[in-house]
Amino acid sequence: MQKHYTGLIERYRDRLPVSKSTRVISLCEGNTPLIQLQNIPRMIGKDVDIYVKFEGLNPTGSFKDRGMTMAVTKAVEAGSQAIICASTGNTSASAAAYAARAGIKAFVLIPEGKIALGKLAQTLMYNATIIQINGNFDQGMELVKEVANHAPVSIVNSINPFRLEGQKTAAFEIVDELGFAPDYHCLPVGNAGNISAYWKGYKEYATERVCGNRPVMCGYQAAGAAPFLAGHKIDNPETVATAIRIGNPQSWDFAIAAQQESGGWFDKFTDQQILAAQKMLSQFEGIFCEPASATSLAGALNDIGTGKIPEGSKIVCTLTGNGIKDPEIAMQQCADAKPVTIEADLDAVKRAILDCL
Ligand SMILES: *Cc1c(COP(=O)(O)O)cnc(C)c1O
């Protein structure tokens, strides 16, 4: 009988900082599908293999669960009774869920009015204490770093090194599934923890017999929140993609190293381009990710179009979160597709169908 999947710590135990006696806090995160796009490559007329790593299918609907299973496992191991994070939404949902699982308390600082509805609903349901601030994520992050010096709480933001340890397993899964590393790996970049974690994962796998190659890392930002393109942190980041509405990335140096060592690059895309990619993926592939996640596809399609990513390439785009988390943006995206309302009789239904064919 095949062993029941119990999460990424069990699967990659020998590559993670846990011991035999560590009590693992898991919700069976990881093991997410790597889906090859079928229609979009044909539509753009390019000979490329594009795979999407759909992290929106993690237990709380984003890749944050990979880092959180490690961070909360280690916090509990160290005897911590409470965790804290600043969040644009997904980290708070994930921290709240893993705290509930562990039986400890979660405090989350979020920017008032700037987190997607689904993420707020999740965090409330998992019973975290939510502290809204009149400020943005970057200000929340600074406050969390301060308060952790004054209160008995463990920080579970990606400045916690265990977060990146958990998140690097996404790269392991991709190599295990494909049998090699892709030529290009495209990611949305906010705090830049994820791009740093993937690069760590690829490097660890590439130096052993597991696989011989490493991808070029492509980090894509929203035009209104693009500190890596500016070359310095920025004060008032703005984008519809709230998960990457960040002006002061905490993993700056790791991300620059990932870009330089891999021969990769950063680029930025407008909200319009990001939303177009989100809709395209839903409409033509049946994959619904949140706006920030679609930045990876927007970037890949742009770079395939210009030839920066050449034909014949194998490309992986990480889709960081689930589209269901942000119903308000989805409804705005489909404002023109209002449902028709008709009488409840057979003829009217028949007419409504024939009108559309
Ligand atoms: C956290 C998050 C990001 C950004 O990841 P970083 O590690 O902060 O760069 C992108 N998309 C979604 C959906 C996220 O939740």
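Because the structure is predicted, anything quoted here is derived from the model rather than measured.

Cut-offs applied
- Along each chain, residue indices are assigned from 1 in the same order as the chain's sequence is written.
- Selection of residues for local features in this predicted model requires a pLDDT of at least 70, selection of side-chain atom pairs for listing and counting requires 80 or more, and totals for whole chains, interfaces and linings are taken over all residues.
- Hydrogens and water molecules were not included; the side-chain quantities draw on all heavy atoms of the structure.
- Put simply, DSSP H or I for four residues or longer makes a helix, DSSP E for two residues or longer makes a strand, and each gets a number counted from the N terminus.
- Note that the radius of gyration is over C-alpha atoms, with the globule rule given as 2.2 Å times the number of residues to the power 0.38.
- Any residue under 20% of the maximum accessible area for its type is buried, any over 50% is exposed, and the rest in between are partly exposed; the area is computed with a 1.4 Å probe on protein chains only.
- The contact criterion used is simple: two residues touch if any of their non-hydrogen atoms lie within 4.5 Å.
- Only four residue types enter the tally: Lys and Arg on the positive side, Asp and Glu on the negative side, with His and both chain ends excluded.
- For the purpose of locating charges, the reference atoms are NZ of Lys, CZ of Arg, CG of Asp and CD of Glu.
- These domain limits were set by an automatic method or by a database of domain assignments.
- Here the quantity called buried area is the total loss of accessible area, with a 1.4 Å probe, experienced by two parts when brought into contact, counted for both.
- A side-chain nitrogen of Lys or Arg and a carboxyl oxygen of Asp or Glu constitute a salt bridge if their distance falls within 4 Å.
- Throughout this description, a polar contact denotes any pair of N or O atoms lying within 3.5 Å of each other; where both atoms belong to protein, one of them has to be capable of donating a hydrogen while the other can accept it, and for residues adjacent in sequence the pair is counted only when both atoms sit in side chains.
- Any residue with a heavy atom lying within 4 Å of a molecule or strand is counted as near it.
- Grid points spaced at 1 Å over the protein atoms alone were grouped into cavities, where a 1.4 Å probe fits but cannot get out, and pockets, open sets with protein on both sides within 12 Å along at least five of seven lines, with lining residues defined by an atom within 4 Å of a point.
- Occupancy of a cavity or pocket is assigned to a molecule whenever over half of its atoms lie within 2 Å of that pocket's grid points.
- Patches were defined on residues exceeding 30% relative accessible area and lacking a salt bridge, with like-charge contacts within 9 Å and nonpolar side-chain contacts (Val, Leu, Ile, Met, Phe, Trp, Tyr) within 5 Å.
- Calculation of accessible area relied on Shrake-Rupley with a 1.4 Å probe; when residues are assessed, cover is drawn exclusively from the protein chains displayed.
- A helix is expected to reach a length of 1.5 Å times the quantity of its residues less one.
- Note on geometry: axes are C-alpha line fits, over the in-contact stretch for helices, and angles between N-to-C directions span 0 to 180 degrees.
- By the definition adopted for this analysis, an angle is roughly parallel if under 35 degrees, roughly antiparallel if over 145, roughly perpendicular if from 65 to 115, and oblique otherwise.
- For any helix crossing, the convention is left-handed if the near helix is rotated counterclockwise from the far helix by under a right angle, and right-handed if that rotation is clockwise.
- When residue character is reported, Ala, Val, Leu, Ile, Met, Phe, Trp, Tyr, Cys and Pro are called nonpolar, Asp, Glu, Lys and Arg charged, and the others, Gly included, polar.

A few points about the overall build of the chain
Then, number 1: Helix and strand content of the chain: 15 helices and 10 strands.
Then, number 2: Taking 2.2 N^0.38 as the reference for a compact globule, 357 residues should give roughly 21 Å; the C-alpha atoms of the chain span a radius of gyration of 21 Å, in line with that estimate.
Then, number 3: The proportion of buried residues among the 357 residues of the chain is 55%.
Then, number 4: When contacts within the chain are restricted to residue pairs at least 6 apart in sequence, those whose partners lie at least 24 apart make up 72%.
Then, number 5: Of the charged side chains in the chain, 33 are positive and 36 negative; the average position of the first set lies 5 Å away from that of the second.

Quick notes on the domain arrangement of the chain
Then, number 1: On domain assignment, one finds that the chain holds domain 1 (8-61 + 163-330) and domain 2 (64-159).
Then, number 2: One C-alpha centre belongs to domain 1, the other to domain 2; they are set 22 Å apart.
Then, number 3: Note on domain 1 versus domain 2: buried area summed over both sides is about 3,500 Å², and carbon and sulfur give 51% of it.
Then, number 4: On the surface where domain 1 and domain 2 come into contact, there are 3 salt bridges.
Then, number 5: Viewed at the interface, domain 2 and domain 1 are joined by 21 residue pairs in polar contact (both at pLDDT 80 or more).
Then, number 6: Elements that contribute at least two residues to the side of domain 1 that touches domain 2 include exactly α1 (8-11), α7 (161-167), α8 (169-178) and α14 (327-333).
Then, number 7: No other element matches α7, which puts 5 residues into the side of domain 1 that touches domain 2.

Regarding the site of the ligand
Then, number 1: The immediate surroundings of the ligand are formed by 17 residues, with K64, N90, A192, N194 and T320 found nearest.
Then, number 2: G190 places a main-chain nitrogen or oxygen 2.8 Å from an oxygen atom of the ligand.
Then, number 3: Taking N191, its main chain carries an N or O atom lying 2.8 Å from an oxygen atom of the ligand.
Then, number 4: In this structure the site holding the ligand corresponds to the largest cavity.
Then, number 5: Among the elements of the structure, α9 (193-206) and α13 (291-306) are those that each provide at least two residues to the shell around the ligand.

Quick notes on a nonpolar patch on the surface
Then, number 1: A surface patch of nonpolar side chains, amounting to about 630 Å² of accessible area, comprises V340, I342, V349, I353, L354 and L357.
Then, number 2: Taking the relative accessible area as the measure of exposure, I342 reaches 40% and is therefore partly exposed.

Section: unusual backbone geometry
Then, number 1: With phi around 60 degrees, C28 is a residue other than glycine that occupies positive phi space.
Then, number 2: Along the chain, the position of C28 falls in the loop between α1 and β1 (34-36).
Then, number 3: For C28, a relative accessible area of 36% translates into the label partly exposed.
Then, number 4: Its identity is not glycine, yet N127 carries a phi of approximately 75 degrees, on the positive side.
Then, number 5: One can find N127 in the loop between α5 (117-125) and β5 (129-133).
Then, number 6: Exposure remark for N127: the relative accessible area of 62% places this residue in the exposed category.

Some words on helix α3 (residues 64-77)
Then, number 1: Taking 1.5 Å per residue, 14 residues should reach 20 Å; α3 reaches 20 Å between its end C-alpha atoms and fits that length.
Then, number 2: With 13 of 14 residues buried, α3 is to be regarded as a mostly interior element.
Then, number 3: The first or second residue beyond α3 is G79, which carries a positive phi of 90 degrees.

A closer look at the packing of α9 against helix α11 (residues 252-262)
Then, number 1: Put simply, α9 and α11 touch, their axes get as near as 8 Å, and they point 50 degrees apart. Here α9 is positioned oblique relative to α11, judged by the angle of their axes. As for the relative orientation of α9 and α11, their crossing is left-handed in sense. When α9 is examined against α11, the residues I195, S196, W199 and K203 are found in contact with a partner set consisting of F254, A255, A257, A258, E261 and S262.
Then, number 2: By residue class, the composition of the contact of α9 with α11 is 6 nonpolar, 2 polar and 2 charged.

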